[in-house]
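One-letter residues, chain by chain:
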Amino acid sequence: MSAVISPNTGVNTALRYLLLVVFALIFVFPILFMVVSSFKPAQQLLRDTASIAAFLPVGDLSFDNYAAAFRRAPVALFIFNSVVITVVTVAGALFICSMAAFSFAFLEFKGKEVVLAVLIATLIVPFETIAIPMLMLVNNLPWIGAGGLQFGWLNTYHVQIVPFLADALTIFLFVQYFRDLPRELIEAARLDGATWFQVYTRVIVPISGPVFATAAILKFLAMYNQYLWPLLVTQSEQYRPVMVGLQYFFQLNIAWGEVMAYLSIITLPVLIFYLVLQRAFISSIASTGIKG
Amino acid sequence: MAGLSLTNIHKSYGKVDVIKGVDLTIEHGEFVVFVGPSGCGKSTLLRMIAGLEDITEGELKIGDRVVNQVQPRDRGVAMVFQSYALYPHMTVYDNVGFGLLLAKTPKPERDAKIMEAARILQMEHLLDRKPAQLSGGQRQRVAIGRAIVRKPDVFLFDEPLSNLDASLRLDMRSEISKLHNSLGATMIYVTHDQVEAMTLADKIVVLNGGVVQQVGSPLELYHKPANLFVAGFIGSPKMNLLPVKVTDLSADTMTLASEALEPITLPRRDGIGQGDSLTLGVRPHQLLKDGTKRIAGKVDLVERLGNETIISAILPSGETVLAALAGDVAIALNDDIALNFDPDEICLFNAEGNAV
């Protein structure tokens, strides 16, 4: 530590921290409100919104709202569905998109730049505009499952998974990261006798932890928050994810306590997933091994 | 182990020709250095041999096999990169053994080979470390180790020492030279540093603009450069090049002179006519200060290195001449200096820049 500290440094640090705390609170308040409210009876919940008590665990606290939420909707089934759909899609998308990006970044083939440009252009197309054509498409697609060959994918898990296994944003993220990796690493591996697939699995994947973590978080959020598509393609609750499940709580009389309880439950997997990956993200920032 | 032959090798990126027809034979066990200025195509040529760049035209043979279309891993070559290109997530042991692992070499054999390479390169104590924990010189050793364990037919080095500091570069240079002697393998080494080229090579290939300027032993290139480019590129300090005219020509002799040069008479060389303009090349180390005056000028720079004194002098004609004189020479700035040289040692180049 330097022995000489400018008198400003302390004040600056304090100001900086103050600013950070304010921002953190702004982002935390809605979550805090949601969690705290989930333990309050409906009347108290509405009464408290007029004061700071809305953010404080005060008054008549209980798990009644949670119990009621589980009675009202098959919460466990919705969470199970969401976890299955999200985990399978994230895992599949990481594999497929990173492989696609590997080709764009390292392999030479005709039309590469054009294909990549078209792919990136699809980023600006809103999902809502292609939702209906996609619905008509999946309604007629064949699928070989337990019941043999069938046509129409509606009311299944795979209708909520397959269309999202490859997406332009994830591919683009990987392409950008891979292009910054030193080419010599790939060349060294090829001279060492690695096939392209081995270059991918043994050299590129292990040093690409940060981009895998980033892509996983983004994809997880996008999938977990899906609402329109599952609403279109699932008619029975058997395959419905958590966001569509929210409908069960918006009937004639909205039970806000139960809504808050349900929201608190379905936020939990997201937080867990993020915390797990955040650690992976930080620990995987690897040295590139190339002397600068 | 194998030699190489390159026949009419071309490389183009679109309409830009980078390598313009290289013919070269490399014997088994030779240490060949590709040298030339930046952008001369030397690295491209090396990468074509490695299989990292396609060959646009021509034929490349390693041993008796044409390898134009052969994958890098099947060419029997190993390469050491300028940036080392160590796998950052693997330990030194895994870096060195990666090629063996891919080749499905049994573990005991792999261990033995890695330990052997580590012993040769004196890096047994580094095997558990990751590249980030190594110094530049240690990383370079690991990169070389990775090449050695695979027992390739041909070693390729792409400016392997240019990221090292001067003293380490000297050490590694001699180690690479010893390694060549002990392994007896064919080595191709790319550098822009002509001192590295001179000290390491059995054979130097001088490239410029994608064209081979001259192929020969270091001393051949030093004493008999084929053209002005090689004359200027090989040797440090650079060869002095002075314009001269053929003032007299007889059946056996020719006389050269210029404003700066006292007339000298030499045995006649082929292809020279009366009145021809030539370029005379004389190395700074061939210039002597012994009282005889062949060229004379005014000193404008003195560099004292202890064992020799490098003097820059401006001639009356305006050209600058460098002289590397042995020992510590008593001379000061702006002194007049007269220099001598042995006319038999000079090089002569015609108007096209080729040696005559």
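Heads up: the structure comes first, above all this text.
Residues numbered from 1 in each chain as written. Chains lettered and ligands numbered in written order. Predicted model: local features only at pLDDT ≥ 70, side-chain atom pairs only at ≥ 80, totals over all residues. Heavy atoms only, no water.

Engineer: Summarise the interface of chain A and chain B; cite the residues concerned and give the values.
Structural biologist: Opposite the 21 residues of chain A that make contact, chain B presents 26 residues. Between chain A and chain B the total buried area reaches about 2300 Å² when both faces are included, carbon and sulfur atoms providing 62% of it. One salt bridge connects Asp 192 of chain A with Arg 150 of chain B, and the closest N-O pair in it is separated by 4.0 Å. Taken together, chain A and chain B are joined by 7 residue pairs in polar contact (both at pLDDT 80 or more). Elements supplying a minimum of two residues to the side of chain A that touches chain B: α9 (183–191) and α10 (196–204) of chain A. Top element by residues in the side of chain A that touches chain B is α9 of chain A. It accounts for 7 residues. Tallied by class, the residues present in the side of chain A that touches chain B amount to 9 nonpolar, 6 polar and 6 charged. (Contact = heavy atoms within 4.5 Å. Buried area = accessible area lost by both parts, 1.4 Å probe. Salt bridge = Lys/Arg side-chain N within 4 Å of Asp/Glu carboxyl O. Polar contact = N/O pair within 3.5 Å; in protein donor to acceptor, adjacent residues only side chain to side chain. Helix = DSSP H or I, 4+ residues; strand = E, 2+ residues; numbered from the N terminus. Nonpolar A, V, L, I, M, F, W, Y, C, P; charged D, E, K, R; others polar.)

Engineer: Describe the pattern of salt bridges, naming the residues involved and giving the relevant values.
Structural biologist: Here the structure, examined in full by the defined rule, presents 18 salt bridges over all chains. The shortest N-O distance in the salt bridge between Asp 111 of chain B and Lys 107 of chain B comes to 3.3 Å. Of this pair, Asp 111 of chain B and Lys 107 of chain B both sit in helix α3 (residues 107–120), 4 residues apart, roughly one helical turn. Accessibility expressed as a relative area gives 25% for Asp 111 of chain B, which makes it partly exposed. By relative accessible area, which is 46% here, Lys 107 of chain B ends up partly exposed. One salt bridge connects Glu 262 of chain B with Lys 293 of chain B, and the closest N-O pair in it is separated by 3.6 Å. Taken as a pair, Glu 262 of chain B in the loop between β12 (253–257) and β13 (264–267) and Lys 293 of chain B in the loop between β14 (277–282) and β15 (295–304) lie far apart in primary sequence, 31 residues in all. Among the residues examined, Glu 262 of chain B registers a relative accessible area of 33% and is labelled partly exposed. For Lys 293 of chain B, a relative accessible area of 46% puts it in the partly exposed group. Residues participating in the shared-partner salt-bridge network are Glu 187 of chain A together with Lys 11, Arg 47 and Glu 53 of chain B. (Buried < 20%, exposed > 50% of the residue type's maximum accessible area, 1.4 Å probe, protein only.)

Engineer: Explain the packing of aromatic side chains to me, and be specific about the residues and the numbers.
Structural biologist: Residue and element names in this part refer to chain A. Per the counting criterion, the structure on display carries 29 aromatic pairs over all chains. Look at Phe 102 and Phe 106: their rings are 5.1 Å apart centre to centre, the planes differ by 65 degrees, and that puts the pair in the edge-to-face class. One end of the pair, Phe 102, and the other, Phe 106, are both in helix α4 (residues 75–106), 4 residues apart, so they sit about a helical turn from each other. Both residues of the pair, Phe 102 and Phe 106, belong to the buried class. (Phe/Tyr/Trp six-rings, centres within 6.5 Å; stacked < 30°, edge-to-face > 60°.)

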